[in-house]
Each structure stands twice: as structure tokens, then as C-alpha cells.
Amino acid sequence: MSTKTFYLLGEDVSTAREIDVPATIGEDELRQLVASYFAIVDSKGVGFVRDDAALVSLADVLEAEGPIAVSIDGKAVREVPGPKGLPYIGNYFEVYPDHLGNHQRLFERYGPFIKTCNMGSTIYHTNDPALSQIVFSESEFFTKNIIPGHPLHPIKNKESGVFLGDTDTEEWRLTHKFLPPALGPKAVRHYAPTMQKTIEDAYKVFDELDDRDEAWNVYPYMLKLGSQAVGKLVLGMDFGHFNAVDAPLHAMVMRIAQSLELNKKITSMGSWYASMPFGAPAQLKAARTHIEAMLNQAIEEASKGVEDLELQEAAVKAENMVDYVLRATDSKGNKLPIEKIREPLVVATGAGFTTTSSLLSWLMYGLVAYPGMQERLLQELIDNDVDENTAITPELTQKLTFLDSYIKETQRKHNPSYQPARTSKVDMILPGGYKLPKDSIVIPAIHHIHNNPAIWDNPAHFDPDRWSTEAVKNRPTASYIPFATGPRMCIGFNFALQEVKVFLPKLIYRYRFSKASEATVDYDPMFQLIRPTNLYVRAEKRVKWPPRSE
Ligand code: HEM
């Protein structure tokens, strides 16, 4: 055993610490030992420097006299860079209103890890897959802990267990045990007929719009469609969104969408604003109370079976998630307590329709904005013997490989979610030498990871065929994460993907879509998700279909 002193390259030598190094230590073990003293997240990047020269072998390090500097990925440690802010408002005007474009600009200027401060709230963003993987991994370094300044803080809700709650809680563990089976691959397969009925019920509205020769704004109709499906399959509720062309949105949908808008507004103002007894924070409180009342009624009224069933069996037999949570029983005979059912269901409903309606809107956008897509998707249906009477089963959608690539490319280029955030648990040194303090909010910026030119060839080009290239098949871990990754990733992704794989073929087979507005498509920077706000299309009922390919 010998005692050596180490300090972080870039810090003052007076910060050097003594570390006892066993005589038989190996090179990797030495890196790990030093990493553990300085909370260096990835020991593989640790290097040693003495008198400005790298100590390349283990023997060099063990024999070096005096304090040894520790480099990270060959660099000195450094503060996370970012733009200088104005007094009080910080970088608000550097980020808003076009936060997608502005963050892209900031990544180009400052590199893959940046720091901004808006109205007193400091946030870190990364467009680097390796850093994102670390941030999402629920470890000794990071967790989902929704502290003030976290984008979800104004709507934090411990009782919801999932999405709006911290990881380290009994509620998360319990809900995370009971909810996911109802959204697993086997469970969502038996939802396919209900999904198909949902889209077929919507035909009469799109047909009438065609008869009237009217163009329609995509997002509001996709919101109706996405929420109609989630209403039925999560809450057992018929929202009646396609009873007529101008059927209003159900109050449940309005209130959840309103909560998200208010939340984005509150977070963009900084955490001090959230506790104000008027304005957006007061409206948010009123919206929550209304949602709870409606949910109680839905639980009363949802169609339900009677017998208790083991989790997996309940998942494949239940008519909807209300039915499922009331009957699902774990191996020890425990059920999700009745008082713990309401909040997770509200969250699953909100998480389910806001996201799928945005994705559906971008899928429609691709049909009218990218030449040839609609024709290729239709041809694939014809070549797989799809016609208007075909039941779109998971077995069939597995064969629709171009549809799969088209959805993936849409989720890459136009991903609706952009700000899943995690919180640092300790002061640490990240790969690249970035110093990150405890309680920092870090956002793996999904849109910017998916459009990072260091990872994706010509990322601005919409190209579904890239998904069959070796480069994309062998892409770095976490470079495509539309549903986030790690233990707190989306639990509804099977549901979402199956839904769009049922809806899209049905729509494309029946209608020919064309763009009905010339304006550049905008997104609403004050909404929690990225969705096109001004995309108008016309859907004409097809009267002719192409022949099968030779
Ligand atoms: C295109 C559709 C969807 C996208 C892009 C999406 C995306 C995401 C993302 C990025 C997260 C992580 C959020 C965070 O870390 O803060 C998440 C979590 C979640 N999603 Fe989804 N989602 C989709 C559809 C759905 C559906 C259909 C449901 C349910 C029916 C659902 C339920 C949830 C839940 C409950 C969580 C929280 C999981 C937890 O806290 O452990 N999602 N989703």
C-alpha cells in the first residue's frame, strides 16, 4: 500500500486528496478508485498527468512523485458552458419562443452539454447519446426527482406514482408494478379491434369534411382521435369526439390539455411563479380538481368484469385499464389499493393522448410534406392484400416494414416529447470533464439527439430508408429514444405504436391526403409537447387504388 495525492486537472493543486493505493492494484482498478474519490461518473475516461505530461502506464503513475492531476477524456474539468444571461430574466430571450431552434443554435455554439438560466431556473441540456444514457439510468448519480425548477414541478403529484412522481417512493414502486402489464405487448394486442373500431367510427366525420370539400386543421382532429382511443382503452369512456364534425372535445381532454399548457407557462416563468395564488397557478389548481371529479365518475361507470385475476391474465382479459386495475392481483394476492387507482389513471390518460395525438399529427404531416411517402405506404398495403374490410392485426402490421420505417423516421425527425428531465443526486464529473453540482436538472433533449449531425447522416433529410442501413442499425446506444430510456421511460410505447399502426393504414387506404395551407408549419412553444399548430389538409375519399407491384 502506498499513499498518493491526486487532484482534478483544471482545479487548484491545493485541492489534492490523499488516496491509499494497494501495491497490487491493476490499471482499471486504479481508475475506478480515483473515480470514486472524485465522483467521476465514468472511470474509463480517467487519465493521469504530471508536469504537463501524460502518465501512460500504471508504473508511471505509481512511481510519480508529488500530486498527480486527473484528466477526464484527456481534458481538464470545466464548468458547463452556456450563454451569459441578462439580469433577472437570464437567457429567456435566447431560448424562447423558438426553443427547438434556439437550443440547436446553443448546442452548435457551446457543444453537447449546455447550461441556461430562465427567470432564475437553471437547466442543463444535452444532445449527446452517451451523456443521455447516464442521465436516464437511475443510478447513484441521477434520478427522476421533481424538485423546484424541474419541468414537471408545477404538476408534480406523488400519488400518481408514474410520470409526475419521484422514483424513490412507495407510490412509484407500487404503480410501476401494477400498470405496465396492462400496456405490455401481449395486452395491447387485444386492444387492436377497439383501436380499429375507433378509426372506423371516425370515417363519417372525415367523409363529411370531404363531401363539403373542406380542409381541416390536423392537430385538433388528431387530438380527438388519439383521446377517443385512450378514453375507451384506459378509462372505458366514450368521449363522443366523432359523433359530428364539430363535436366538442370532452371536458376531460380539455382540462388535461389545459393543465399541460398552464404548466409550460409556469415553468417558463421560473419556479417562484408557481406559488402565486392567482393567474396560471390558480387555474391549474382548478383544472386538477375538475379532472379528479370526472375520474371518480369514470371509475364508477366503466364496464368491468368481476373476478380477480393475476396481473398478466388481467392484462389480456380486461376491457380497459379501469377494469384491469380493479381486478389485477399480484402473486401475494395484493391489489392496487382503491385510493391509489385514480391518480395513475389520470396520468396514463394524459400521457397517452397528448403524445399520440402529436405523433399522429406529425405522421399526417409527413404524408403531405414529403413527396412519395403516401404512395409508398399505400402500395405496401395493396401488396399485402389490405382492403377496406381488412382487420389490421399485429400479425399484419409486422409485415408492413415500410410503415415501420416511416413511423421511426417521423419519431426521429418530429419527436413530440422534448424535455424529460432528471436530477443529479451528488456533485459529479461527467464524461467530457463537465462539473455538475448536486440538484441540477438535466434534460436529454430528444429532438436534438435525434437531429444531431454527429450521430445522424444529414439529419434534416426525412429518409425512412435510412432505417435499413448498417449505420443506423449499429447506431450508438441512446441515439434514438422517442420514449426516453431507463427505468422511468414510457410504459405506453407498445400501445402508442400499435395504435398508429392501426390508424395510419386505415386512413391511407381510404383517403388521399393533400396539404391545404402554404404557411410554414409552426409549433406552439408554450405547450409541453411539440405538435404542428397550423397544418391544414384535405382528405379525399379514394375511388381508385394502384395495382399490386409486379
Ligand atoms: C407517441 C406516443 C408517446 C410518446 C412519444 C411518449 C413519450 C414518453 C416519454 C419521453 C416518457 C418519459 C417522461 C419523463 O421521463 O419525464 C414517457 C413516460 C410515460 N408514458 Fe409515454 N409516450 C407516448 C405514449 C404513451 C401512452 C399511449 C401511454 C399510456 C397509455 C403512456 C404512458 C406513460 C407513462 C405512464 C409514463 C411514466 C412512466 C414512469 O413514470 O415510470 N405514454 N412517455
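Procedures and definitions
Residues numbered from 1 in each chain as written. Predicted model: local features only at pLDDT ≥ 70, side-chain atom pairs only at ≥ 80, totals over all residues. Heavy atoms only, no water. pLDDT = per-residue confidence, 0-100. Axes fitted to C-alpha atoms, helices over the stretch in contact; angles between N-to-C directions. Helix = DSSP H or I, 4+ residues; strand = E, 2+ residues; numbered from the N terminus. Parallel < 35°, antiparallel > 145°, perpendicular 65-115°, else oblique. Left-handed = near helix turned anticlockwise from the far one by under 90°. Contact = heavy atoms within 4.5 Å. Nonpolar A, V, L, I, M, F, W, Y, C, P; charged D, E, K, R; others polar. Core = buried A, V, L, I, M, F, W, Y, C linked by side-chain atoms within 4.5 Å. Buried < 20%, exposed > 50% of the residue type's maximum accessible area, 1.4 Å probe, protein only. Donors = N, O, S within 2.8 Å, 3.2 Å for Na, K, Ca; no water. Pairing = 2+ DSSP bridges. Near = heavy atom within 4 Å. Polar contact = N/O pair within 3.5 Å; in protein donor to acceptor, adjacent residues only side chain to side chain. Phe/Tyr/Trp six-rings, centres within 6.5 Å; stacked < 30°, edge-to-face > 60°.

Trainee: How should I be thinking about the confidence of the model for the protein in this particular structure?
Mentor: Close reading of the predicted structure is inappropriate where its pLDDT is low. Here the protein shows a mean pLDDT of 94. Residues at 70 or above account for 99%. Taken together, the chains of this predicted complex give a pTM of 0.94 and an interface ipTM of 0.99.

Trainee: Whenever I open this one, the packing of helix α8 (residues 192-211) against helix α20 (residues 493-510) confuses me. Can you help?
Mentor: Each packed pair of helices is defined by two parameters, the angle between the axes and the distance between the axes. Two elements in contact, α8 and α20, have axes separated by 10 Å at closest approach and are oriented at 40°. Relative to α20, the element α8 lies oblique. The crossing of α8 and α20 is right-handed. Contacts between α8 and α20 involve Ala-192, Met-195, Gln-196, Thr-198, Ile-199, Glu-200, Tyr-203, Phe-206 and Asp-207 from the first element and Phe-495, Gln-498, Glu-499, Val-502, Phe-503, Lys-506, Leu-507 and Arg-510 from the second. A class-by-class count of the residues in the contact of α8 with α20 yields nine nonpolar, three polar and five charged.

Trainee: Mind showing me how you'd approach the nonpolar core here?
Mentor: Considering soluble globular proteins, one finds that nonpolar side chains tend to be buried as a cluster. Counting residues in each nonpolar core, the largest one holds 111 residues, and the members touching the most others are Phe-206, Trp-216, Leu-345 and Phe-513. In terms of residue count, the dominant contributor to this core is helix α14 (residues 342-369) (13 residues). Beyond its immediate stretch of four places on either side in the chain, Phe-513 contacts Trp-216, Met-364, Leu-367, Val-368, Gln-374, Leu-507, Ile-508, Val-537, Arg-538 and Ala-539. Ranked by size, the runner-up nonpolar core spans 21 residues in total, among them Val-46, Leu-55, Leu-58 and Ala-64.

Trainee: Hey, could you run me through the coordination of the iron atom of the ligand in this one?
Mentor: Ideal geometry at a metal gives 109.5 degrees between four tetrahedral donors and either 90 or 180 degrees between six octahedral ones. A lone protein donor binds the iron atom of the ligand: Cys-490 (SG), at 2.3 Å. With respect to the element layout, Cys-490 can be found in the loop between α19 (470-473) and α20.

Trainee: Just to check I follow, could you spell out the pairing of strand β7 (residues 113-118) for this structure?
Mentor: The side chains of a regular strand alternate, residue by residue, between the two faces of the sheet. Here β7 runs beside strand β8 (residues 121-126); their pairing, made up of six bridges, is antiparallel. Note that in β8 the partner of Lys-115 across the bridge is Tyr-124. Between β7 and β8, which follow one another and run antiparallel, lie two residues, and Met-119 among them has a positive phi close to 50°.

Trainee: Help me out: how do you make sense of the site of the ligand in this one?
Mentor: For the ligand, the set of nearby residues contains 25 residues, the closest of which are Lys-144, Phe-163, Arg-422, Arg-488 and Cys-490. Here an oxygen atom of the ligand and a side-chain polar atom of Trp-172 are 3.1 Å apart. Contact between the ligand and Arg-488: an oxygen atom at 2.8 Å from a side-chain N or O atom of the residue. Mapped by element, the contributors of at least two residues to the shell around the ligand are α6 (170-178), α14 and α20. Sorting elements by how many residues they give to the shell around the ligand places α14 first, with six residues. When grouped by side-chain class, the residues that make up the shell around the ligand number 16 nonpolar, six polar and three charged.

Trainee: Which parts of the structure should I look at to understand the packing of aromatic side chains?
Mentor: Given two aromatic rings, their pairing is described by the distance between the two centres and the angle made by the two planes. By the definition in use, this model includes 22 aromatic pairs. Relative to Tyr-434, the ring of Phe-113 has its centre 5.1 Å away and its plane inclined at 65°; by these criteria the two rings are edge-to-face. Separated by 321 residues along the polypeptide, Phe-113 in strand β7 and Tyr-434 in strand β15 (residues 434-436) bring together distant segments of the chain. When its relative accessible area of 1% is taken as the criterion, Phe-113 is described as buried. Looking at Tyr-434, the relative accessible area reads 4%, which means it is buried. Centroid distance Tyr-511 to Phe-513: 6.0 Å. Interplanar angle 55°. Geometry classified as tilted.

Trainee: Any chance you could explain the sheet that holds strand β14 (residues 428-430) here in plain terms?
Mentor: Whether parallel or antiparallel, the strands of a sheet pair through hydrogen bonds between backbone atoms. Spatially, three strands are ordered β6-β15-β14 in an open sheet, and the strand pairing comes out mixed. Single-partner strands in this sheet number two, and they are β6 (78-79) and β14.

Trainee: In this structure, what is going on with the environment of Pro-532? I would like to understand it.
Mentor: Examined against the element boundaries, Pro-532 turns out to sit in the loop between β17 (511-515) and β18 (536-541). Among the residues examined, Pro-532 registers a relative accessible area of 1% and is labelled buried. Linking Pro-532 and Tyr-365, residues 167 residues apart in sequence, is a C-alpha distance of 8.2 Å. The contact partners of Pro-532, leaving out residues within four places of it in the chain, are Tyr-219, Ser-361, Trp-362, Val-521 and Asp-522.

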